[in-house]
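# Observations on chain architecture
Here is what each chain is made of, one letter per residue.
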Amino acid sequence: MTDFDALLKLREEIKAEGIPTLRDETFFLLAEEIARKKPKKILEIGTSYGVSGLAMLLKSDAALTTVEKDERAIFAARKNFRAFGMEKRVTLFAGDADEIVPELSGSYDFILLDGPKGKYFAYYPFLKEVLAAGGELFADNVLLTEYGLKHKERRNRTAHKNMEAFINAVREDEDINARFIDIEDGVLIAEKR
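For the structure given in this document, a descriptive report is provided here. Everything quoted here is computed from the prediction, not taken from an experiment. (Residues numbered from 1 in each chain as written. Predicted model: local features only at pLDDT ≥ 70, side-chain atom pairs only at ≥ 80, totals over all residues. Heavy atoms only, no water.)

A full pass over the atoms with the stated rule returns 14 salt bridges. Here Asp98 and Lys119 are joined by a salt bridge, their closest N and O atoms 2.4 Å apart. Within this pair, whereas Asp98 is found in helix H5 (residues 97-100), its partner Lys119 is found in the loop between strand S4 (108-113) and helix H6 (120-130), the two being separated by 21 residues in sequence. A single salt-bridge network, built from bridges that share partners, covers Arg11, Glu12, Lys15 and Asp24. (Salt bridge = Lys/Arg side-chain N within 4 Å of Asp/Glu carboxyl O. Helix = DSSP H or I, 4+ residues; strand = E, 2+ residues; numbered from the N terminus.)

The structure is reproduced here in structure tokens:
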């Protein structure tokens, strides 16, 4: 069994527990994009149990910086990174992305944005700043079809409004070449010129 096969097994176990993770087509699209882009430095907003981070690490030689605020998820992610021998390639910021994202510095070749959906628009200027020229921002759940099942109506309206603002900001940004992938809950891939 390859490491990626072991990751797929772990992913199925996590899904069976009801833990949020990228959906199937989106997960494999992410793995393909990483293999194609071959980034050296990856930023992930929304670590969860580390499955997406592990997929990106297994498909590249990159170092991963990842952000998560849920203590249970942080514990599980650290355990999973260790189990796959990847802990030395990972910097995990334990805390709220609202506080961490504006403080980010450096440059990243690839950014996976899968954190709080209503915050994508607020995070965008900071993420664009640290995205290297030729780098790619991979934003999941931009259609928010599943999101509406989890929150009260007012919060959903705000999230949808903010997501629409995020999508428009990316599409109208002259420094960005954006494409929308209409699979599952929608993926927006933005490459910085």
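This part covers the packing of helix H1 (residues 3-16) against helix H3 (residues 51-58). Where H1 meets H3, the closest approach of the two axes is 10 Å, and the angle between their N-to-C directions is 170°. Of the possible angle classes, the one that applies to H1 and H3 is roughly antiparallel. Seen from H1, the contacting residues are Asp3, Phe4, Leu7, Leu10, Arg11 and Ile14; seen from H3, they are Val51, Leu54, Ala55 and Leu58. A class-by-class count of the residues in the contact of H1 with H3 yields eight nonpolar, no polar and two charged. (Axes fitted to C-alpha atoms, helices over the stretch in contact; angles between N-to-C directions. Parallel < 35°, antiparallel > 145°, perpendicular 65-115°, else oblique. Contact = heavy atoms within 4.5 Å. Nonpolar A, V, L, I, M, F, W, Y, C, P; charged D, E, K, R; others polar.)

Along any regular strand the residues' side chains alternate between the sheet's two faces. Burial analysis of strand S7 (residues 187-192) places five of its six residues in the buried class, which makes it a mostly covered element. Strand direction decides the pairing type here: strand S5 (residues 131-140) and S7, joined by five bridges, are antiparallel. Looking at the pairing, Phe138 lines up with Ile189 of S7. With six bridges joining them, strand S6 (residues 176-181) and S7 adopt antiparallel strand pairing. Bridged to Ile181 within S7 is Val187. (Buried < 20%, exposed > 50% of the residue type's maximum accessible area, 1.4 Å probe, protein only. Pairing = 2+ DSSP bridges.)

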